[in-house]
Amino acid sequence: MRLTLYDLRRLAGERKLATLTCYDASFAAVLDAAEVDMLLIGDSLGMVIQGHDSTLPVTVADVAYHTRAVVRGAPRPWIVADMPFGSYQQSPQQALANAVALMQAGAQMVKLEGGAEMAATIKFLVQRGVPVCGHVGLTPQHVNAFGGYRVQGRGSGAEAVRQAAAAVEDAGAAMLVIEAVPEPVASAIAAQSRSLTIGIGASADCHGQVLVLHDMLGAGLGKRPRFVRNFLEGTGSIPAAVRSYVAEVRAGRFPAAENVYPEMP
């Protein structure tokens, strides 16, 4: 039976939540068997599946296609689908139309990036029955505005990340991804948040963690980010690597100190 948001909130009171990106039915079945709690059909597919140098070329049709495949392969995990660049920024009505397409493909929740500027859209979606996961800190769809994939929230930037997280939560987001934010800042957000917080290069104090599947298996392209650990090393098989990831996250051992960012470089 597929997990519900109620189940995730209950489990978060008992242990950490393990999340991985997923894009196809075969890997979905492996992750399901390892009892991964959530699967994210991320717009990261643009880089790890399609070979682009960013997530920006990904379309709603792309995410819907991969969502249908993942849902067929994994009957248990909560399913989150990314809203691609340009699919929700124009208006709340545009966001709803595209969120409906992803939920009809099998998603239980949609994820979008941004802070206060997206609050009205998040509220609009939630009021119409669409569960929303926010995403603050390093938001990959803003890569050109950031000048690259850079840590966000250091020094005077910490308040901006805190305000973005608060705005997303106040708008009704049930979940919040915090990416590449200094550990003390992310820890403080997690401690104060009413939403479920999911970290990636953030803090072990978040309710759960997420990694890109290919990165977790050592198959990612380009330089490996600080927040990634290759769980395939020393485990001998992909199923064993996934089980190791789940165990390390649930026990709070991942991320370790070397996988999070200090306040200053």
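Given the structure is predicted, the values throughout are model-derived calculations rather than measurements.

I'm lost on the packing of aromatic side chains in this one. Help?
To describe a pair of aromatic rings, you give the distance between the ring centres and the angle between the ring planes. Applying the stated criterion across every chain, the model contains three aromatic pairs. Linked through ring pairs, Phe 231, Tyr 245 and Phe 254 together constitute an aromatic cluster. Across from the ring centre of Phe 124, 3.5 Å away, lies the NZ or CZ of Arg 128, which sits over that ring.

Would you explain the side chain of Ser 187 in this entry?
One can find Ser 187 in helix α9 (residues 183–192). A polar side-chain atom of Ser 187 sits 2.5 Å from a polar atom in the side chain of Asp 205. Here Ser 187 is in contact with Ser 203 and Asp 205, once residues within four sequence places are set aside.

Before we go on, may I ask you to explain the pattern of salt bridges in this structure?
Two side chains with opposite charge may pair up if their charged atoms get near one another. A full pass over the atoms with the stated rule returns twelve salt bridges. When salt bridges that share partners are traced, they join Arg 15, Glu 35, Asp 37, Arg 76 and Arg 250 into one network.

Any chance you could explain the packing of helix α5 (residues 92–104) against helix α6 (residues 119–127) here in plain terms?
A pair of packed helices is captured by two measures, namely the crossing angle of their axes and the spacing between those axes. Contact pair α5 / α6: the axes reach a minimum separation of 9 Å and the direction vectors enclose 45°. When the axes of α5 and α6 are compared, the pair comes out oblique. By crossing handedness, the relation of α5 to α6 is classed as right-handed. Along the contact surface, α5 presents Pro 92, Gln 93, Ala 95, Leu 96 and Ala 99, while α6 presents Thr 121, Phe 124 and Leu 125. Each residue belonging to the contact of α5 with α6 can be placed in one class, and the counts come to six nonpolar, two polar and no charged.

Definitions and limits used
- Residues numbered from 1 in each chain as written.
- Predicted model: local features only at pLDDT ≥ 70, side-chain atom pairs only at ≥ 80, totals over all residues.
- Heavy atoms only, no water.
- Phe/Tyr/Trp six-rings, centres within 6.5 Å; stacked < 30°, edge-to-face > 60°.
- Lys NZ or Arg CZ within 6 Å of the ring centre and 35° of its normal.
- Helix = DSSP H or I, 4+ residues; strand = E, 2+ residues; numbered from the N terminus.
- Polar contact = N/O pair within 3.5 Å; in protein donor to acceptor, adjacent residues only side chain to side chain.
- Contact = heavy atoms within 4.5 Å.
- Salt bridge = Lys/Arg side-chain N within 4 Å of Asp/Glu carboxyl O.
- Axes fitted to C-alpha atoms, helices over the stretch in contact; angles between N-to-C directions.
- Parallel < 35°, antiparallel > 145°, perpendicular 65-115°, else oblique.
- Left-handed = near helix turned anticlockwise from the far one by under 90°.
- Nonpolar A, V, L, I, M, F, W, Y, C, P; charged D, E, K, R; others polar.

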